[in-house]
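# Understanding the architecture of this molecule
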Protein chains: 2
Amino acid sequence: MHSKGRRQKAPNLTKLLDNKPVIIVSNRGPAEFRRNEAGNITSKRGGGGLVTAMTAVSEATHATWISAAMTDVERSMAKKDNLIGFPENNPLYNVRLVDIPKDIYNRYYNTISNPLLWFIHHYIWDLCNTPSFTEETHKAWGEGYVAANKLFAEAAARESLKLKNPIIMLQDYHLFLAARYIRELTSEPFLFHFTHIPWPEPDYMSILPFKVRHQILKGMLANDIVGFQSRHYAGNFLLCCESLLGAQINWRKRSVMWQEREVFVRTYPISIDYGNLHKISESDEVLKYETKLLKENADMSLIIRTDRSDPSKNIIRGFMAYDVLLSRHPNFKGKVKFLALLYPTREGIMEYKKYRREIEATVKDINERHGAENWQPIYLRMKDDYLESIAALKHYDVLLVNPIFDGMNLVAKEGPAVNKNDGILILSENAGALSELGNSGIIVNPFDIEETAAAMYRALTMPMYERKARAANLRETVEQNNSLKWIHYQLKDIVGLEKKRMLEGV
Amino acid sequence: MHSKGRRQKAPNLTKLLDNKPVIIVSNRGPAEFRRNEAGNITSKRGGGGLVTAMTAVSEATHATWISAAMTDVERSMAKKDNLIGFPENNPLYNVRLVDIPKDIYNRYYNTISNPLLWFIHHYIWDLCNTPSFTEETHKAWGEGYVAANKLFAEAAARESLKLKNPIIMLQDYHLFLAARYIRELTSEPFLFHFTHIPWPEPDYMSILPFKVRHQILKGMLANDIVGFQSRHYAGNFLLCCESLLGAQINWRKRSVMWQEREVFVRTYPISIDYGNLHKISESDEVLKYETKLLKENADMSLIIRTDRSDPSKNIIRGFMAYDVLLSRHPNFKGKVKFLALLYPTREGIMEYKKYRREIEATVKDINERHGAENWQPIYLRMKDDYLESIAALKHYDVLLVNPIFDGMNLVAKEGPAVNKNDGILILSENAGALSELGNSGIIVNPFDIEETAAAMYRALTMPMYERKARAANLRETVEQNNSLKWIHYQLKDIVGLEKKRMLEGV
């Protein structure tokens, strides 16, 4: 049952592509390169949904993967300007690092991408006070984001010229402009961009300076296809093109006419590597965490969340709902526990630092008010430990996924994939996962504490037959829509459009 | 030239309506009633754009104007349940006060209307932290907003049953539900609702609890026509109906099919009473303020803003832009002055209190850093004095109107109407006034300090011939689109739709 991992389906991609070369471009690459004590360069595969999903396509197509050099070691590798086989011992694809000078990278990444674009795309600015665009912002745009996108584009164009009609797959909000600059350098490649985060509606997008939002939209429209996590976010992008750029939209075909080219706007909900996740979930490290967790929480109903400590994840309102639950149903005290397994993130950004402090204060307050000598209502972990999270996900009764807005939210898929407890998913209506998982989860408005508390109560008191049915539906949905399908649909659209254009002589 | 006041055009309304009765419903009515020392009830006409505009239609049609009793005197009048001729000495229309018990009114007004709906419609929540919907919010909705709308609706239905096919004109975000309840009580009247503030896009509207946003949209769709300040906001409403309610939209006709009825979504940009404003601007009180102002600011270029001290007005970013201007062009020091004539507002709401403190701190900081012994860069007035504001508007060189979002913004129209200085309007692209005044003002992104500072510099250094041309265009636009036209277009659509329906036998 759990054997439908990516290894099995990989050949399909090879056949589908028929030897067409693929170039992937993303800010962060598939590996971290370091120098060991002997002075040799060693590598370690990176984590995260993007890397997992794109690794499948890289291996199947012997792709070239272009990403930013992150460390001094990587910068020196980037300067050599050559391709690096990866993994080292059995190279399946090539990595190419781009040397982005530190000051450019800092502006591109720490001033523009996070926080500015991230906050815009998740609707989390406090508009009365933030953002304010100053000379520094405009400079960070021109000398940071634009400059970095040009460097990525130059590297992509150079690799592209070595190949025959390659497909270039650009990833996420770091690279909104790259397609346009690549197109200026070479018209050969097929350009595809996928946005992993939400796309905001025009009024919110228009918070960005006039020039910035125009460049972003025009940059996106230099692609042949742009992909989004959900039909809703794809629709928001179309509205932005219409309303902010005055572009002509074909709503039936969901395409944009722009500079005598037709750009297709498509939906590809990202997913997890189901087979691989199962393998991890049965590993010794996870089993060790599991034993500990079960011992410490015997006879407890477990509400679990695991997220980066990002304000968009809406962690505090989750605690507020739990507080209401305990106040209204004190019989749960001593019988339920909330495990919040958080990963520290972006601590250089003021809003994140403040949010972390607020999380800690809220937990302390709830534990003090509701706790007893032998019972702590909330266990808060602030540490990057993926394996502990997986161990916990195997045993939740309730999984809380209540982001303010979220591109997809892979925890909502990882949880049901590994959970052994017929646990219930509480899911924000603003997570991209809604369209696939909404039918079997309990949907909540993330701002509605009352509704979230009621959802927790309902989940904790749900009859077993209903829990079983819901959990089975979720598991099946996640199993069927794995990350390989996500890639497969993208490549199918790309190849299909290329063929159509060839036939039509465009 | 300035004679096209409302008195001249009023007969048109009478003719257009052909004796059809009109009922106006708004939270705040046209008058404040008090008891004088002798124990008699006296009245004072209220201010504000809504009252001014709706007074014209009330007088022309001998309307019945329904509004909430605000004081104990008014509550005791409301209990008598009769119509009050107004103005007392020469009754032209009737006022009917509704007794809304204090606890209901408090929840309806101070918990739901302001701040919840106001903040949603202006995009000014800080979503990581606010709003959070608790038991109290849900209670304030049901026992406050819903209850108050029912009381307004009952009063309107009762008055309606006394008349033959009346037109009921519901005003603004306090009364989103009234049409639905009126329709439950009587199917006779023609129902029209006008939203004076912005209408948000679906993602932002969906912040509201599921039940709340559904009730609001369904309440609005109980009208025959709903009116908005701009085509953009009307479009946002249509998107909300489509996306949040699943209603069928006819985008060509800009109508919504709902429960076998067709609801038309129309745009009526509100304006000022040009003639009356001119009369006021020539009054002795204004002339006195004017003399003082000119004496105190001789030889100064004046940047002026006048607003309620509402966070949506974006007052602090205006000062930040001025700060940049003075830093970058120190030659302006001692030659320019920023008059911020603000009205304290909603001081019971935490966000407003905080915003006022921030305004005062920002002004103090800028005055300290840039000021000199004989020159204070910013003069801040925090007092409700409309006549002083009018006096100042006559003499601005630059009028700053940079709201975050704004339904229309009447200051952007009052300023050009009375200004004698060929002053330049700096206008936020998110003000409803943009579509009428954008061509002749300097448009800015309200979040872009750099752009706003550049706009100030450009306005202060603009050649006289360009100032004259722009000011003349603005004046002409404002003069032609006066508040009577606003009412006229509404009534024309209402009468036209009624006739069409009669002919079609609907």
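Residues numbered from 1 in each chain as written. Chains lettered and ligands numbered in written order. Predicted model: local features only at pLDDT ≥ 70, side-chain atom pairs only at ≥ 80, totals over all residues.

Take the domain arrangement of chain A next. Residues and elements named next belong to chain A. Annotation of chain A at the domain level lists domain 1 (6-271 + 484-504) and domain 2 (276-481). Placing the centre of domain 1 and that of domain 2 at their C-alpha centroids yields a distance of 31 Å. Listed as interface residues are 20 residues of domain 1 and, on the opposing side, 20 residues of domain 2. For the side of domain 1 that touches domain 2, the elements supplying multiple residues, two or more each, are helix 4 (102-121) and helix 9 (231-245). (Domains from an automatic or database assignment. Contact = placed C-beta atoms within 7 Å. Helix = DSSP H or I, 4+ residues; strand = E, 2+ residues; numbered from the N terminus.)

Turning our eyes to something else, we now look at the pairing of strand 8 (residues 190-194) of chain A. All names here are of chain A. Counting buried positions along strand 8 yields five of five residues, so the element is predominantly enclosed. Of the two faces of strand 8, the one lined by F190, F192 and F194 and the one lined by L191 and H193 are each fully buried. Sheet topology note: the strand 7 (residues 167-171)/strand 8 ladder contains five bridges and is parallel. Looking across to strand 8, one finds that I168 is bridged to L191. In this fold, strand 7 hands off to helix 6 (residues 178-185), which returns the chain to strand 8; that crossover is right-handed. Bridge analysis of strand 8 against strand 9 (residues 225-228) gives three bridges, and the strand direction is parallel. Bridge assignment links F194 to a residue of strand 9, and that residue is G227. (Buried ≥ 20, exposed ≤ 12 C-beta atoms within 10 Å, placed from the backbone. Pairing = 2+ DSSP bridges. Right-handed = clockwise from strand over helix to strand, strands pointing away.)

A few words now on the interface of chain A and chain B. Listed per partner, the contact involves 28 residues of chain A and 28 residues of chain B. Counting residues per element, the ones that place at least two in the side of chain A that touches chain B are helix 5 (135-161), helix 7 (202-205), helix 12 (315-328) and helix 17 (449-460) of chain A. If you tally residues by element for the side of chain A that touches chain B, the top one is helix 17 of chain A, at three residues. In the side of chain A that touches chain B, the residues fall into 16 nonpolar, four polar and eight charged. (Nonpolar A, V, L, I, M, F, W, Y, C, P; charged D, E, K, R; others polar.)

With that settled, the discussion passes to the relation of the copies chain A and chain B. Between the two copies of the chain lies a relationship made up of a rotation around an axis and a movement along it. Once chain A has been moved 0.0 Å along the axis and rotated by 180°, it coincides with chain B to within an RMSD of 0.0 Å. This pairing of chains is accounted for by a two-fold axis. Distance from the rotation axis, computed per C-alpha, reaches its smallest value in chain A at A:D126: 2.0 Å. An overlap of 100% is found between the interface residues of chain A and their copies at the interface of chain B, pointing to a shared contact surface. (Least-squares fit on C-alpha atoms with pLDDT ≥ 70 in both.)

All names here are of chain B. Pairing is mixed in the open sheet, where 10 strands are placed in the order 5-6-4-1-7-8-9-12-11-10. Across the chains shown, the open sheet's two edge strands, defined by having one partner strand only, are strand 5 (84-86) and strand 10 (248-250). Direction aside, the axes of adjacent strands within the sheet are offset by 25° on average. Relative to strand 6 (residues 93-98), strand 4 (residues 64-68) runs parallel, the two sharing five bridges. For A68, the partnering residue across the bridge sits in strand 6 and is V98. (Axes fitted to C-alpha atoms, helices over the stretch in contact; angles between N-to-C directions.)

Here chain A shows a mean pLDDT of 94. Residues at 70 or above account for 98%. A low-confidence stretch, residues 1-10 of chain A (pLDDT under 50), is modelled with 20 contacts involving residues beyond four sequence positions or located in other chains. (pLDDT = per-residue confidence, 0-100.)

Residue and element names in this part refer to chain A. If you check helix 13 (residues 350-370), its first and last C-alpha atoms are 30 Å apart, about what 21 residues at 1.5 Å a residue would give, namely 30 Å. Within the span of helix 13, buried status applies to Y355, R356, I359, T362, V363, I366 and H370. Angular distribution of buried residues about the axis of helix 13 spans 125°; they occupy a single face of the element. Set apart from the buried face of helix 13 by more than 90 degrees, the exposed residues are M350, R357, A361, E368 and R369. Looking at the packing, one finds that the buried side of helix 13 touches helix 12 and strand 15 (378-382). (Expected span 1.5 Å × (residues − 1). Arc of directions from axis to C-beta.)

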